[in-house]
Amino acid sequence: MLDLSEYLKIFIGLLAIINPIGAVPLFISMTHNFSQVETKSTCNRASLTVAVILLSALFLGDYILAVFAITIDSFRVGGGILILIMAISMLHASTSPIKQTEAEAHESIDKSAVAIVPLAMPLLAGPGAISTVILAAHKGDTIGHYLMLALTLLVLTACLFAVLRTAPWLATKISTTGINVFSRIMGLILSAIAIEFIANGLRGLFPLLTAAQS
C-alpha cells in the first residue's frame, strides 16, 4: 500500500479532473426544466454512474490494457497528454472538447437520460478520470491498495453527489467568476499531475533518460 499522502494526492487529482463545482452551471442548464423530483433523480443517477464507471476502470483497467497490448508507460504518456489538454482548457475557464463538443452540448438537451450521457460520461467520468484511475491502480498490487482506491473513489462520488444536490443553492452563492477561479486553480493542479504522468512514462519508455540523470 501507499502512504496516506499518496492516496490524498490521487483524490485531489481526481477531484480536479471531475471538478464538481465547475459542473454546477452545466448541471443546472441541463435540468432547468425538470421538476424537483426529476432533478434529484438525475443527481442520483449521475453520481451512481460515475461511481460504476470509475470502479470499473479500477478493477478492469489492466484487462483493457492487455487486450490492446498497451504498456503502462505508453498509457502514462498518452493519459498525461490527455489530462494536460484538459488542464489547459480549465486554465482558460472553458469546457474541454475532450469532455464534450458543442454539437454534443446541443444534442444533450433533447436526451431524456442526461444523467448518464453526457453528464456522467463524458462530462464527469470522462477519459481523463478513467486514465487517472488506471494509472493510480498500477502504483500498487495488493488488495489493500485496491480497497483504498475504491474507498477514495466512493468518497469522491459522495462529494460529487453533495455538490450536485446543492447545485441550485451553490449557483446563488458562487458567482460565475468564483467558479472560473476555482476551475483555474484545479487546472493548475491538474497540469502539474499531467506533467508527472508524462515524465514517468517517458522514463519507462526511454530508460536512458534515467541513466543520464544518474
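Let me begin by describing the structure that accompanies this report. Computed from a prediction, not measured in an experiment: that's the story for all the values here. (Residues numbered from 1 in each chain as written. Predicted model: local features only at pLDDT ≥ 70, side-chain atom pairs only at ≥ 80, totals over all residues. Heavy atoms only, no water.)

## Remarks on the overall build of the protein chain
Rules: We count a stretch as a helix when DSSP gives it H or I for four or more residues in a row; a strand needs E for two or more, and each element gets its number in order from the N terminus. The contact rule is simple, with two residues in contact once any of their heavy atoms fall within 4.5 Å. Here the Shrake-Rupley method, with its probe set to 1.4 Å, supplies the accessible areas, and only the displayed protein chains count as covering residues.
In terms of regular secondary structure, the protein chain is built from 11 helices and zero strands. In the protein chain, the succession of α and β elements from N to C terminus is α-α-α-α-α-α-α-α-α-α-α. Considering only residue pairs separated by 6 or more positions, the protein chain has 83% of its internal contacts joining residues 24 or more positions apart. With the model as given, the accessible surface of the protein chain reaches about 11,000 Å², and the carbon-plus-sulfur share is 70%.

## Digging into the environment of A136
Keep this limit in mind: A simple rule labels every residue: compare its accessible area, found with a 1.4 Å probe on the protein chains alone, to the largest value its type can have, and call it buried under 20%, exposed over 50%, or partly exposed in between.
If you trace the backbone, A136 turns up in helix 7 (residues 127-137). We classify A136 as buried; its relative accessible area is 5%. For A136, the contacting residues outside a window of four places in its chain are I10, H145 and L149.

## Points about the packing of aromatic side chains
For any pair of aromatic rings, geometry is given as the distance between the ring centres together with the angle between the planes. For clarity, the cut-off: Centre distance within 6.5 Å is the pairing criterion for rings of Phe, Tyr and Trp, where only the six-membered ring of Trp is used; planes under 30 degrees apart are then read as stacked, over 60 as edge-to-face, and the remainder as tilted.
A complete count under the given rule lists one aromatic pair for this structure. Judged by centre distance (6.1 Å) and plane angle (25°), the ring pair of F59 and Y146 falls under stacked. With F59 in helix 3 (residues 36-67) and Y146 in helix 8 (residues 143-165), this residue pair connects regions lying 87 residues apart in the sequence. Overall, Y146 belongs to the buried group, its relative accessible area being 17%.

## Quick notes on the pattern of salt bridges
In plain terms, the rule: Every case where a carboxyl oxygen of Asp or Glu lies within 4 Å of a side-chain nitrogen of Lys or Arg is listed as a salt bridge.
Tallied over the entire structure, the rule returns two salt bridges. E196 is the salt-bridge partner of K9, the closest N and O atoms lying 2.8 Å from each other. Here K9, found in helix 1 (residues 4-18), pairs with E196, found in helix 10 (residues 176-205); they are 187 residues apart in sequence, far enough to count as distant. For D73, the salt bridge is made with R76, and the minimal N-O distance between the two is 2.8 Å. On the criterion of helical spacing, the pair formed by D73 and R76 is a turn pair, its members being three residues apart in helix 4 (residues 72-91). No difference in accessibility class separates D73 from R76, as the two residues are buried.

## A few points about the packing of helix 1 against helix 8
Put simply, the rule is: As a rule, the C-alpha atoms of each element are fitted with a line to give its axis, helices using only the stretch in contact, and angles between N-to-C directions run from 0 to 180 degrees. Each angle gets one of four labels, with under 35 degrees taken as roughly parallel, over 145 as roughly antiparallel, 65 to 115 as roughly perpendicular, and the rest as oblique. With the far helix as reference, a near helix turned anticlockwise by less than a right angle produces a left-handed crossing, and one turned clockwise produces a right-handed crossing. Residues are grouped as follows: Ala, Val, Leu, Ile, Met, Phe, Trp, Tyr, Cys and Pro are nonpolar; Asp, Glu, Lys and Arg are charged; every other residue, Gly included, is polar.
For the pair helix 1 and helix 8, the least separation of the axes is 10 Å and the interaxial angle reads 40°. On the basis of the axis angle, helix 1 is oblique to helix 8. Seen from above, helix 1 lies across helix 8 with right-handed handedness. Contact residues: L4, Y7, I10, F11, L14, L15 and I18 in helix 1; H145, M148, L149, T152, L153, V155, L156, C159 and L160 in helix 8. Residue composition of the contact of helix 1 with helix 8, grouped by class: 14 nonpolar, two polar and no charged.

## Topic: the packing of helix 3 against helix 6 (residues 115-124)
For any two helices packed against each other, the geometry comes down to the angle between their axes and how far apart the axes lie. Contact geometry of helix 3 with helix 6 gives a least axis separation of 9 Å together with a crossing angle of 45°. Between helix 3 and helix 6, the angle falls in the class oblique. The interaxial crossing formed by helix 3 with helix 6 has right-handed handedness. Every residue of helix 6 that contacts helix 3 at T42, R45, A46, T49, V50 and I53 is listed here: A115, I116, L119, A120, M121 and L124. The residue makeup of the contact of helix 3 with helix 6, split by class, is nine nonpolar, two polar and one charged.

## Quick notes on the side chain of S47
Looking at where S47 falls in the secondary structure, it is placed in helix 3. With a relative accessible area of 4%, S47 lands in the buried category. With sequence-adjacent residues up to four places away left out, S47 is seen in contact with T157, L160, F161 and L164.

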